[in-house]
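Breakdown of the fold
Residue strings, one per chain:
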Amino acid sequence: IGFVLSCSESFLELTPQQSVSDQEALENLEDLNSSITGIYDEISGSYYYGRYMLMIPDVMADDVKQNSQANRIVLYAEHIVDESDSDAASLWTGMYRAINAANNIINSDIDVAVGAQADKDHIIGEAYALRAQVYFDMVRLFAQHYTFTADGSHLGVPLILTFDPANKPERNTVKEVYDQVISDMTMAISLMKSNSRSGNSNTLSSTSVKALLSRVYLYKEDWANAEAMATEVIGSGFSLVPNANYFSLWTTDNSSESIFEISMTEADNVSGGGIAGLYLPEVFGDYLPSNDVVSLYDAADARLSTFKEDTFLTGEFAPFRVDKYPDFNGFDNVKVMRLAEIYLIRAEARAEIGTNITGAQDDLDMVRQRALPSAPNTTVTGQALKDAIFLERRLELCFEGQRLWDLMRNKLDVVRTQCTASTCLIPYASDTVILPIPQVETDVNPNTTTNPGY
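This report concerns the structure included in the present document.

Moving on, we get to the nonpolar core. In this structure, Tyr135, Met138, Tyr287 and Ile342 are the most contacted members of the largest nonpolar core, which totals 128 residues. In terms of residues, this core owes the most to one element, helix α6 (residues 117-142), which gives 14 residues. Residues within four places of Met138 in sequence aside, it is in contact with Trp92, Met95, Tyr96, Ile99, Ala143 and Val157. Counting residues in each nonpolar core, the second largest holds 5 residues, with Val241, Leu249, Trp250 and Ala302 among its members.

Attention now goes to the pairing of strand β6 (residues 334-338). Taking burial as the measure, the 5 residues of β6 include 5 buried ones, the bulk of the element. Taken together, the 4 bridges between strand β2 (residues 258-262) and β6 define a ladder with antiparallel strand orientation. Residue pairing in the sheet places Glu261 in a bridge with Lys335 of β6.

As a further point, take the packing of aromatic side chains. Where two aromatic rings form a pair, the distance of their centres and the angle of their planes describe that pair. Applying the stated criterion across every chain, the model contains 13 aromatic pairs. Where Trp92 meets Tyr96, the ring centres are 5.3 Å apart and the plane angle is 65°; that geometry is what we call edge-to-face. Taken as a pair, Trp92 and Tyr96 lie in helix α5 (residues 86-106) at a separation of 4 residues, close to a single helical turn. One exposure class covers both Trp92 and Tyr96, and it is buried. When the ring centre of Trp405 is taken as origin, the NZ or CZ atom of Arg140, which lies over that ring, is 4.4 Å away. Residue placement shows Arg409 over the ring face of Tyr219; its charged tip is 5.2 Å from the ring centre.

For the rest of this paragraph, the subject is the state of the cysteines. Overall, the coordinates contain 1 disulfide when judged by the stated rule. Here Cys419 pairs with Cys424 through a disulfide, and the sulfurs are 2.0 Å apart. Judged by the torsion about the S-S bond (90°), the Cys419/Cys424 disulfide is right-handed. For Cys424, a relative accessible area of 28% puts it in the partly exposed group. Free cysteine Cys398: the closest other cysteine sulfur is in Cys419, separated by 19 Å.

Right, let's talk about the pattern of salt bridges for a bit. Under the counting rule described, the total for this entry stands at 31 salt bridges. Residues Asp179 and Lys175 are paired through a salt bridge, measuring 2.7 Å at the closest nitrogen-oxygen approach. Remark: Lys175 and Asp179 occur in helix α7 (residues 174-191); sequence separation between them is 4 residues, near one turn of the helix. Since its relative accessible area comes to 35%, Lys175 is described here as partly exposed. A salt bridge links Glu257 to Arg370; its shortest N-O distance comes to 2.8 Å. Placement of the pair is Glu257 in the loop between α9 (223-234) and β2 and Arg370 in helix α13 (residues 357-371), with a sequence separation of 113 residues. When its relative accessible area of 0% is taken as the criterion, Glu257 is described as buried. Among the ionic contacts, a cluster of salt bridges with common partners joins Glu257, Asp301, Arg303, Lys324, Arg338, Arg370, Glu392, Glu396 and Glu400.

The rules behind the values
- For every chain, the first residue of the written sequence is number 1, and numbering continues from 1 onward in sequence order.
- Side-chain atom pairs in this predicted model are given and counted only at pLDDT of 80 or more, local residue features only at pLDDT of at least 70, and totals for whole chains, interfaces and linings cover all residues.
- To obtain the side-chain values, all non-hydrogen atoms of the structure were included, while hydrogens and water were left out.
- Here, the term nonpolar core denotes a set of buried Ala, Val, Leu, Ile, Met, Phe, Trp, Tyr and Cys residues that are joined through side-chain atoms within 4.5 Å.
- For each residue, the accessible area found with a 1.4 Å probe, counting protein chains only, is set against the maximum for its type, and the residue is called buried under 20%, exposed over 50%, and partly exposed in between.
- Secondary structure elements are taken from DSSP: a helix is a run of H or I of four residues or more, a strand is a run of E of two residues or more, and numbering for both begins at the N terminus.
- Two residues qualify as a contact provided that any one of their heavy atoms is within 4.5 Å of a heavy atom in the partner residue.
- We call two strands paired when DSSP finds no fewer than two bridges between them.
- Only Phe, Tyr and Trp rings take part, Trp by its six-membered ring, and two of them pair if their centres are within 6.5 Å. Stacked means planes under 30 degrees apart, edge-to-face means over 60, and tilted covers everything else.
- We count a charge as sitting over a ring when the NZ of a lysine or the CZ of an arginine lies within 6 Å of the ring centre and within 35 degrees of the ring normal.
- Counting rule for disulfides: a pair of cysteine sulfur atoms within 2.5 Å.
- When a carboxyl oxygen of Asp or Glu is within 4 Å of a side-chain nitrogen of Lys or Arg, the pair counts as a salt bridge.

Just distances and angles here, no functional claims.
Here it is, written out as structure tokens:
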């Protein structure tokens, strides 16, 4: 995956000396193991899940505010990014690095002993799943949400499935990208084992891919498939961390609730380059929770343990900091998918389908009453139930990179009470809620058109 690291132009503009075919690159099962490990390492970088995949959409929404000293991704918080932004370019280029590495595995042609075929299939399944997840992330970052147009026909990102050094691709539609994501994840499930290679949630299993796919179906508003996938995951043996141990979710790697998380170790040398660095005062401490979200919690809610009081904060920034990433060295794994979200996915799908309202209420209460055992059972129905699920997603999933897209897919404005005059209201479907196609890409590939407003 490192063959483009020294590239000074876009990843999609490859030079002849970098042209190594899929078949030449991988020759045996050990090569597959090494390459798939490289993809996990790629997506753990600070430009991606190590920091900005979660931070950028969060600072663009309403749960996070920047302090006056913030100088990292502050243009995203202020919605004034342009095509030359280096973080958008790093995401775009690095994501295609990961996609290319996955393509190498998927398109490889190696023979293994009969007894190793299941291991080979599992790794190829991981490559399909990781390619799908990267494309799902890309289409969320660089394109409007699925139902922005009635048929998903608006521009997404280019689909690159095979190696072609001369390729100058056009952007596929959002529907085409979603179709590929679903196809890849479905293929992955058919190839993979129910247990991960690592024996924990640091690498993917067929169950964790089902969890990721349930989220894709939710964003697509394919409620029946979202419910079906979520149901399979809920019955697979994961369990919510108890109320009394809620904060351990964020200090323990591979908890009973964690379905997929990105491994962060001392060897990764994350230090201040991780998410914790932007939240914790021991490092940069540029970003804090908005009072908009803090004020929504009941005083007895266990989730308040993820807000750390800082007596040195004053004025509009007082008194809390985000503590979901408590290790300032960046060694806490990044949670990508956990069981609480699966319950909320199924609750939302059931509420939208409308034939199992009791089931939707029960799923909502699983999450709500885990955090606040004194909360009464949910009795509301219709839009009030959907609103309650939407609120619970905000309370449970804040600072996990989900809020902006929840607002977008529900066609809601970003409304801030702690803001400058120009950022108090970011209207639904504003050009600035998606990232610019990087100029380093459009300069070398005029077929990849830029986003509106940039």
